[in-house]
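Read off the chains here:
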Amino acid sequence: MSNEITIPAHFPELKEEDVKAADRRREKYSHTRDLLAKENNDAIALRLARDKDKEGQV
């Protein structure tokens, strides 16, 4: 993924503020998505560990 923001020629009406606001929304969305994925991964790991402990006790 590129770190540059390019504005296609067919969108000449875009303003720099709009592009920056869209970039902030994408960053916020990706941060929220990453936090949710971490929570889900932690929950899955915990459940798998509990299942493994239960199998060892039986």
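Just so it is clear, the model here is predicted, and its values are computed rather than measured.

### Regarding the overall build of the protein chain
Point 1. Looking only at helices and strands, one finds one helix and zero strands in the protein chain.
Point 2. Going through the 58 residues of the protein chain one by one, you find that 5% of them count as buried.
Point 3. In the structure as shown, the protein chain presents an accessible area of about 5,900 Å², 55% of it carried by carbon and sulfur atoms.

### Structural notes on the pattern of salt bridges
Here the idea is simple: oppositely charged side chains can pair when their charged atoms come close.
Point 1. Tallied over the entire structure, the rule returns four salt bridges.
Point 2. Residue Lys 20 is joined to Glu 16 by a salt bridge in which the shortest nitrogen-to-oxygen separation is 3.0 Å. On the criterion of helical spacing, the pair formed by Lys 20 and Glu 16 is a turn pair, its members being four residues apart in helix 1 (residues 16–57).

### With respect to the side chain of Ser 30
Point 1. Within the secondary structure, Ser 30 sits in helix 1.
Point 2. Here the side chain of Ser 30 touches Glu 27 through a polar contact of 3.0 Å, landing on its backbone oxygen.

### Some thoughts on the environment of Asp 23
Point 1. Note that Asp 23 resides in helix 1.
Point 2. Taking the C-alpha atoms as reference points, Asp 23 and Ile 5, separated by 18 residues in sequence, lie 8.7 Å from one another.

### Structural notes on helix 1
Point 1. The end-to-end C-alpha separation of helix 1 is 62 Å, in line with the 62 Å expected for 42 residues at 1.5 Å each.
Point 2. When we look at burial in helix 1, the residues that qualify are Val 19, Ala 22 and Ser 30.

Rules used throughout
Residues numbered from 1 in each chain as written. Predicted model: local features only at pLDDT ≥ 70, side-chain atom pairs only at ≥ 80, totals over all residues. Heavy atoms only, no water. Helix = DSSP H or I, 4+ residues; strand = E, 2+ residues; numbered from the N terminus. Buried < 20%, exposed > 50% of the residue type's maximum accessible area, 1.4 Å probe, protein only. Areas by Shrake-Rupley, 256 points an atom, 1.4 Å probe, with all protein chains shown as cover. Salt bridge = Lys/Arg side-chain N within 4 Å of Asp/Glu carboxyl O. Polar contact = N/O pair within 3.5 Å; in protein donor to acceptor, adjacent residues only side chain to side chain. Expected span 1.5 Å × (residues − 1).

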